[in-house]
Amino acid sequence: MKILRTFGVLTAGIMALSVATAAQAETRVTLKSAKAASSYYQMAAQFAEAMKTGTDGDVIVTVEESQGSVQNVMEAMVRSGNYVFTSPPGLVGLAQNAKGPFEGRPTEKFQEVRALFPIPSLTMHFVMRADSGATDFAGLEGKTILLGKGSFGASEGEKYLNLFGLEGKVELADAELSNAVAALKNGQIDGFVTAGSWPAPNVIEAAAGTDVTVLSLSDEQLALTKRDKTVIPAGTYSGQDSDITTASLSVVAFATTQMDDETAYQLTKTFWQQKAKMGESSSWWNGVAPEMLGNIGGKIHTGALRYYAESGFPVRDDQR
């Protein structure tokens, strides 16, 4: 009996050691994303699952809800270790130069922010009823458009109308964007503006029940917006026979220099290796391409650079 008890103690000890070793080998990462109801929160959850699958559980990503990119960047000042967050690169640039919402903040911690990889961009959609007759921005004159309130798409849409000479020439509907599809189908509005990763769920819904036209921007209009160019391929939406050229705001996953190179390497490598699989269930991932690295204005993490060097991805000298 004594021998059996001793064997039991040894077995329990070995099992405890195995569990402890496994726990030590597991790398934990916090990903600060967006509001829980947003597409970007869904993306974060998909990425977390892809990371677990792609690393056989060696890297575990916990997703945290956020009120937006400003909060995400702001927390880079105080979060330590494996903190990853999503934000437009321009917002990180403002933080590093103590401008905009970061005015008066110390910049030292923001200088430690480093990019990992791009994720689907905030893409502008100007969605018009086909029977409105509007096929370009000049055709918006006299039409009723829903921009929504308080969102990036609303402020960006209003900016574009002003840039394209339509200020005061368009009737703006006083309603929330959540009402846009119903209002479009009922003929209460001629069109609506939305920003999100493509294909955008509300544009899919609108196109499924109504003949719509999503407007393209000319090269001159795109230049006025000072945003990145995005091409939405033909066939993305029901009835879409040709490519749509529009403006977008790049969004990137960032970390800080407190993250070690190996973790940054594994996150970046697994993202690109799992991207196609994620795209099978959510097509917004299919719009992410290595060329989008060119939209990153700051430095890329040295661990991510290691993967990009191995894969031959385009990286500029100023990003190193």
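The preceding data block contains the structure.
Described in the following lines is the structure provided in the data block. (Residues numbered from 1 in each chain as written. Predicted model: local features only at pLDDT ≥ 70, side-chain atom pairs only at ≥ 80, totals over all residues. Heavy atoms only, no water.)

## Observations concerning the overall build of the chain
Okay, so step 1: For the chain, the helix and strand inventory stands at ten helices and ten strands.
Okay, so step 2: Structurally, the chain occupies a C-alpha span of about 90 × 45 × 35 Å along its principal axes.
Okay, so step 3: In the chain, buried positions account for 46% of the 320 residues.
Okay, so step 4: Partitioning the intrachain contacts of the chain with sequence separation of at least 6 by distance along the chain shows that 72% fall at a separation of at least 24.
Okay, so step 5: Within the structure as shown, the chain displays about 15400 Å² of accessible surface, and the carbon and sulfur contribution to it stands at 52%. (Helix = DSSP H or I, 4+ residues; strand = E, 2+ residues; numbered from the N terminus. Buried < 20%, exposed > 50% of the residue type's maximum accessible area, 1.4 Å probe, protein only. Contact = heavy atoms within 4.5 Å. Areas by Shrake-Rupley, 256 points an atom, 1.4 Å probe, with all protein chains shown as cover.)

## Focus on the side chain of Gln221
Okay, so step 1: You can see Gln221 is positioned in helix H8 (residues 219-225).
Okay, so step 2: Assessed through its relative accessible area of 18%, Gln221 is described here as buried.
Okay, so step 3: Within the structure, Gln221 has its side chain in polar contact with the backbone nitrogen of Ser218 (distance 2.9 Å). (Polar contact = N/O pair within 3.5 Å; in protein donor to acceptor, adjacent residues only side chain to side chain.)

## Side note on the packing of aromatic side chains
Okay, so step 1: Tallied over the full model, the rule gives 17 aromatic pairs.
Okay, so step 2: The interplanar angle of 75° and the centroid separation of 4.8 Å between the aromatic rings of Phe126 and Phe137 together place this pair among those described as edge-to-face. Of the two residues, Phe126 is situated in strand S4 (residues 113-129) and Phe137 in the loop between S4 and strand S5 (144-146); the sequence distance between them amounts to eleven residues. Across the pair, Phe137 and Phe126 agree in class, each one buried.
Okay, so step 3: The rings of Phe47, Phe117, Tyr265, Phe271, Trp272, Trp285, Tyr307, Tyr308 and Phe313 are connected pair by pair, giving a single aromatic cluster. (Phe/Tyr/Trp six-rings, centres within 6.5 Å; stacked < 30°, edge-to-face > 60°.)

## Observations regarding the pairing of S4
Okay, so step 1: Extensive coverage of S4 is indicated by the burial of 16 of its 17 residues.
Okay, so step 2: Strand direction decides the pairing type here: S4 and strand S7 (residues 191-196), joined by six bridges, are antiparallel. What sits directly across from Val127, in S7, is Phe192. (Pairing = 2+ DSSP bridges.)

## What about the nonpolar core?
Okay, so step 1: Counting residues in each nonpolar core, the largest one holds 57 residues, and the members touching the most others are Val61, Val84, Phe117, Leu267 and Tyr308.
Okay, so step 2: Here the element with the most residues in this core is helix H2 (residues 39-54); it accounts for seven residues.
Okay, so step 3: Not counting residues up to four positions away in its chain, the partners in contact with Tyr308 are Leu116, Phe117, Pro118, Thr268, Trp272, Leu293, Ile300, Phe313 and Val315.
Okay, so step 4: Met124, Met128, Ala134 and Val193 belong to the second-largest nonpolar core, a separate cluster that totals 19 residues. (Core = buried A, V, L, I, M, F, W, Y, C linked by side-chain atoms within 4.5 Å.)

## Some words on helix H7 (residues 201-209)
Okay, so step 1: Of the residues making up H7, those classed as buried are Asn202, Val203, Ala206 and Ala207. Down the axis of H7, the sector holding all buried residues measures 130°, keeping them to one side. Residues Pro201, Ala208 and Gly209 are exposed on H7 and point more than 90 degrees away from its buried face.
Okay, so step 2: As for H7, its buried residues are in contact with S4, helix H6 (180-185), S7 and strand S8 (212-214). (Arc of directions from axis to C-beta.)

## Quick look at the environment of Gly196
Okay, so step 1: Relative to the assigned elements, Gly196 resides in strand S7.
Okay, so step 2: Residues in contact with Gly196, not counting those within four places in the same chain, are Ser121, Leu122, Thr123 and His125.

## Observations regarding empty space enclosed by the protein
Okay, so step 1: Following the criterion strictly, the structure yields one cavity of 30 Å³ or more and no others.
Okay, so step 2: Empty space within the largest cavity amounts to approximately 90 Å³.
Okay, so step 3: Lining the largest cavity are 13 residues, and of these Leu31, Ala44, Phe47, Thr86 and Ile119 sit closest to its centre.
Okay, so step 4: Within the residue set of the lining of the largest cavity, elements represented by two or more residues are H2, strand S3 (83-87) and S4.
Okay, so step 5: Ranked by residues supplied to the lining of the largest cavity, first place goes to H2 with four residues.
Okay, so step 6: The residue makeup of the lining of the largest cavity, split by class, is eleven nonpolar, two polar and no charged. (1 Å grid on protein atoms, 1.4 Å probe; cavity = no way out; pocket = protein on both sides within 12 Å on 5 of 7 lines; lining within 4 Å. Points joined across faces, edges and corners; volume = space filled by probe spheres on them. Nonpolar A, V, L, I, M, F, W, Y, C, P; charged D, E, K, R; others polar.)

## Concerning the packing of helix H9 (residues 261-281) against helix H10 (residues 302-311)
Okay, so step 1: Where H9 contacts H10, the two axes come as close as 6 Å, and the packing angle between them is 45°. Here H10 runs oblique to H9, going by the angle between their axes. For the pair H9 and H10, the sense of crossing is right-handed. In contact with Asp261, Glu262, Ala264, Tyr265, Thr268, Lys269 and Trp272 of H9, H10 contributes Thr302, Gly303, Ala304, Arg306, Tyr307, Tyr308 and Glu310.
Okay, so step 2: For the contact of H9 with H10, the residue count by class is six nonpolar, three polar and five charged. (Axes fitted to C-alpha atoms, helices over the stretch in contact; angles between N-to-C directions. Parallel < 35°, antiparallel > 145°, perpendicular 65-115°, else oblique. Left-handed = near helix turned anticlockwise from the far one by under 90°.)

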